[in-house]
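One letter stands for each residue in the lines below.
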Amino acid sequence: GTKVTFFPDASIFTITTEFSFDYLSGRLRELAFLNPGIRIHLTDERGDRARKTHFYYEEGISEFVCQLAENKHLIHDDPIVIRGRRAVETGDGKQEDVFADIVLHYTADYHDNILPFANSIPNPDGGTHLTGFRSALTRVINKYAQDNKLVKEKDPALTGDDCREGIICVISIKHPNPRFNA
């Protein structure tokens with residue numbers, strides 16, 4: 001394993017050298033969900049505030065979605081898990097694998113809660129992976145509804161908002177050459 005112990009350097013951390021245990025705990029919890037099977041131990045050894053916590057999630061983002069859905073009225077019993085890998089061409093003609101893990105669960109809520117990540121980094125403003133997911137979800141639900149005659153031919157298609165109502169979803173993409181906007 002790897003053990004990291006550090007004291008913040010005031011010449012680097014110019015705003016403050018005081019770290020929030022709760023903030024670090026929340027972020028490390030996310031990382032444990034996004035990297036199934038990893039064990040993370042956080043210990044704060046600062047004087048009388050000494051605290052510690054541990055994170056381990058064998059099922060990864062499936063457990064994340066289940067925790068987000070706690071105390072909610074669930075529409076179906078088990079979360080829907082989608083995993084895939086696709087080779088993409090890089091700019092130099094090589095191919096590299098992109099991995100996608102998506103877990104979703106529908107609840108009786110009216111709003112959606114979709115958390116996108118790229119290489120374990122939260123993307124609160126979305127990205128192409130979130131845009132692609134939203135489009136694909138709407139397309140698949142509309143096709144299913146039409147194929148199974150759940151909507152009439154003359155009825156308008158379901159909107160993206162209709163398809164995302166009540167959804168809790170975590171999208172985790174692992175990409176060899178991510179592009180982040182500043």
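Read on for a plain summary of the structure. (Residues numbered from 1 in each chain as written. Predicted model: local features only at pLDDT ≥ 70, side-chain atom pairs only at ≥ 80, totals over all residues. Heavy atoms only, no water.)

Summarising the sheet, strand β3 (residues 80–89) and strand β4 (residues 95–106) pair through 10 bridges and their orientation is antiparallel. What sits directly across from Ala 87, in β4, is Asp 97. Hairpin connection of β3 to β4: 5 residues between the antiparallel strands, including Gly 93 at a positive phi of 85°. Direction of pairing for β4 relative to strand β7 (residues 167–174): antiparallel, over a ladder of 8 bridges. From the neighbouring strand, Tyr 106 faces β7, where its bridge partner is Ile 167. (Pairing = 2+ DSSP bridges. Helix = DSSP H or I, 4+ residues; strand = E, 2+ residues; numbered from the N terminus.)

It is worth spelling out helix α3 (residues 128–147) at this point. With 20 residues, α3 ought to run about 28 Å at 1.5 Å a step, and its terminal C-alpha atoms sit 28 Å apart, in line with that. Listing the buried residues of α3 in full gives His 129, Leu 130, Phe 133, Leu 137, Thr 138, Asn 142 and Ala 145. Those residues of α3 hidden inside the fold are in contact with β4, β5 (113–118), α4 (160–164) and β7. (Expected span 1.5 Å × (residues − 1). Buried < 20%, exposed > 50% of the residue type's maximum accessible area, 1.4 Å probe, protein only. Contact = heavy atoms within 4.5 Å.)

Taken together, the buried positions of helix α2 (residues 61–68) are Ile 61, Ser 62, Phe 64 and Val 65. Each buried residue of α2 sits inside an arc of 160° when the element is viewed along its axis, so together they form one side. Packing partners of the buried residues in α2 comprise α1 (21–34), β3, β4, β5 and β7. (Arc of directions from axis to C-beta.)

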